[in-house]
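A look at the structure
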Amino acid sequence: MSISSTEISPAERLRGIVPDVEIAALGPLIEEIEEWKVRRNAVVLAHNYMTPDIYHGVADLKGDSLALARMAADTDAEVIVMAGVHFMAETAKIVNEQKTVLIPDMRAGCSLADAITGADVRLLRERYPGVPVVTYVNTSAEVKAESDICCTSGNAVQVVESLGVERVIFLPDQYLGRWVATNTEVKIILWEGSCMVHERFNAEELRGYRRLHPGIQIIAHPECPPDVLAEADYVGSTAGMIGWLKNVRPRQVVMVTECSMSDNVAAESPETEFMRPCNLCPHMKRITLPGIRDALRDMKHEVVVDQAIAARARVAVERMLEVRV
Ligand code: 13P
Ligand code: SF4
């Protein structure tokens with residue numbers, strides 16, 4: 001997690017990250033967003049997959065899903081603008097229901113969140129009575145409400161092991177679930193969901209990078225299929241990957257995840273050359289600087305969660321936040 005300084009001008013923040021000609025055009029928009037943030041007592045929380053103009057230009061706090069949930073719970077601001085997808089905004093509302101949570105585009109969804117409903121979870125519970133349900137945060141509030149505990153890619157193994165049981169139902173990402181299964185003795189019952197971005201990577205393209213660039217480091221998100229993860233030197237959440245890069249400082253790297261993240265991190269890692277297979281998340285890319293400005297100016301689009309659902313979902317999310325990583 002890092003904090004941007006509003007003391008620094010947009011041009012200074014974006015210099016060397018986006019072309020100078022774009023800085024000239026973006027500067028006034030960023031200034032406008034900063035003014036609206038002050039008027040609304042608002043904070044912009046940005047996921048690591050935001051484009052560099054958002055990530056380096058207007059984000060007050062940035063991180064992976066776990067960090068965003070913690071930041072949303074802790075913020076003193078009255079308004080949270082979620083520069084991320086809808087489930088992240090819902091999670092922010094669930095953990096801090098007094099706050100107004102805005103998302104710049106309501107269509108910013110997630111293929112994992114679409115892969116399962118609350119009714120599906122109830123059916124699974126009937127099929128596996130007594131088996132706890134561990135739910136990835138990439139799900140709707142309704143699904144979280146049917147779950148025992150949530151997890152993110154940054155804490156999934158610790159969450160599963162925190163329950164002290166022999167087996168769990170793990171929803172909805174089959175690949176994250178399989179990766180967890182390789183890192184624990186706990187038996188994992190899977191659901192067949194997947195991320196439309198990460199499932200497109202393949203092991204052969206990674207072997208191609210190794211052939212062309214001997215010594216290159218491959219770091220991958222656990223939403224990738226198992227044969228892709230088998231090629232990786234490191235597997236972790238988006239924040240885990242950033243932390244690994246800062247520690248190891250490899251000469252060359254390929255980040256097997258949504259490609260805006262390489263752009264964001266490359267700006268902070270001048271010693272590393274990034275190879276950039278580009279799979280974009282169409283949902284994340286719905287969030288734009290004009291959309292953030294409009295959200296603050298017009299106080300739209302407010303994310304509302306039914307109070308009864310939020311109360312049940314909060315138990316699962318807060319239980320996750322208590323697990324030490
Ligand atoms: P992280 O929690 O690792 O940031 O992942 C969120 C996500 O949506 C990955 O596709
Ligand atoms: Fe969902 Fe995949 Fe996009 Fe992440 S990258 S928000 S998991 S569709």
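Described in the following lines is the structure provided in the data block.

Reading guide: rules and limits
- Residues numbered from 1 in each chain as written.
- Chains lettered and ligands numbered in written order.
- Predicted model: local features only at pLDDT ≥ 70, side-chain atom pairs only at ≥ 80, totals over all residues.
- Heavy atoms only, no water.
- Near = heavy atom within 4 Å.
- Nonpolar A, V, L, I, M, F, W, Y, C, P; charged D, E, K, R; others polar.
- Buried < 20%, exposed > 50% of the residue type's maximum accessible area, 1.4 Å probe, protein only.
- Helix = DSSP H or I, 4+ residues; strand = E, 2+ residues; numbered from the N terminus.
- Arc of directions from axis to C-beta.
- Contact = heavy atoms within 4.5 Å.
- Polar contact = N/O pair within 3.5 Å; in protein donor to acceptor, adjacent residues only side chain to side chain.
- Areas by Shrake-Rupley, 256 points an atom, 1.4 Å probe, with all protein chains shown as cover.
- Pairing = 2+ DSSP bridges.
- Axes fitted to C-alpha atoms, helices over the stretch in contact; angles between N-to-C directions.
- Left-handed = near helix turned anticlockwise from the far one by under 90°.
- Salt bridge = Lys/Arg side-chain N within 4 Å of Asp/Glu carboxyl O.

1. Regarding the site of ligand 2
- The environment of ligand 2 is made up of Tyr49, Val85, Cys110, Ser111, Leu112, Asn138, Cys195, Met196, Val197, Glu223, Cys281 and Met284.
- Each residue belonging to the shell around ligand 2 can be placed in one class, and the counts come to nine nonpolar, two polar and one charged.

2. What to know about helix α6 (residues 118–127)
- For α6, the set of buried residues is Gly118, Val121 and Leu124. Axial view of α6: buried residues confined to an arc of 115 degrees, hence all on one face. Along α6, the residues that are exposed and aim more than 90 degrees away from the buried face are Leu123, Glu126 and Arg127.
- Lining the buried residues of α6 we find β6 (133–136), α7 (141–145) and β8 (167–171).

3. As for the site of ligand 1
- If you check the shell around ligand 1, you find His47, Tyr49, Asp64, Ser65, Tyr136, Asn138, Ser153, His198, His221, Glu223, Ser237 and Thr238 and nothing else.
- A distance of 2.8 Å separates an oxygen atom of ligand 1 from a polar atom in the side chain of His221.
- With respect to ligand 1, the side chain of Glu223 contributes an N or O atom lying 2.9 Å from an oxygen atom.
- About the coverage of ligand 1: the protein hides 96% of its 300 Å² of free accessible area.
- Split by residue class, the shell around ligand 1 holds two nonpolar, eight polar and two charged.

4. Some details on the pairing of strand β4 (residues 79–83)
- The buried fraction of β4 is high, at five of five residues.
- Here β4 shows no split at all, with Val79, Val81 and Ala83 on one side and Ile80 and Met82 on the other all buried.
- The sheet contact formed by strand β2 (residues 42–47) and β4 spans five bridges and is parallel. If you follow Ala46 over to β4, its bridge partner there is Ala83.

5. Some details on the sheet that holds strand β12 (residues 252–256)
- An order of β11-β10-β12-β13 is seen for the four strands of this open sheet, with the pairing classed as parallel. Only two strands of the sheet have a single partner each, and these edge strands are β11 (234–235) and β13 (273–275).

6. Quick notes on the packing of helix α4 (residues 65–74) against helix α5 (residues 86–95)
- The interhelical angle for the contact between α4 and α5, taken along N-to-C directions, is 35 degrees, at an axis separation of 8 Å. Once α4 is placed against α5, the crossing between them reads as right-handed. For the pair formed by α4 and α5, the contact residues are Ser65, Leu68, Ala69, Ala72 and Ala73 on the first element and Phe87, Met88, Thr91, Ala92 and Val95 on the second.
- Partitioned by chemical class, the residues of the contact of α4 with α5 number eight nonpolar, two polar and no charged.

7. Examining α5
- In terms of burial, α5 is largely enclosed, as nine of its 10 residues are buried.
- Those residues of α5 that fall on the buried side of the exposure criterion are Phe87, Met88, Ala89, Glu90, Thr91, Ala92, Lys93, Ile94 and Val95.
- Structurally, α5 contributes buried residues whose contacts are with β2, α4, β4, β5 (100–102), α7 and α15 (307–322).

8. A few points about the pattern of salt bridges
- Going through the model one piece at a time under the given rule, you end up with 21 salt bridges.
- The shortest N-O distance in the salt bridge between Asp20 and Arg15 comes to 3.4 Å.
- On the basis of relative accessibility, which here comes to 48%, the residue Arg15 falls in the partly exposed class.
- Sharing partners across several salt bridges, the network here consists of Glu32, Arg293, Asp294, Arg297, Asp298 and Lys300.

9. Considerations on the side chain of Glu34
- Here Glu34 lies in helix α2 (residues 20–40).
- Using a relative accessible area of 11% as the deciding quantity, one classes Glu34 as buried.
- Here Arg13 takes part through its side chain, which lies 3.0 Å from a polar atom of the side chain of Glu34.

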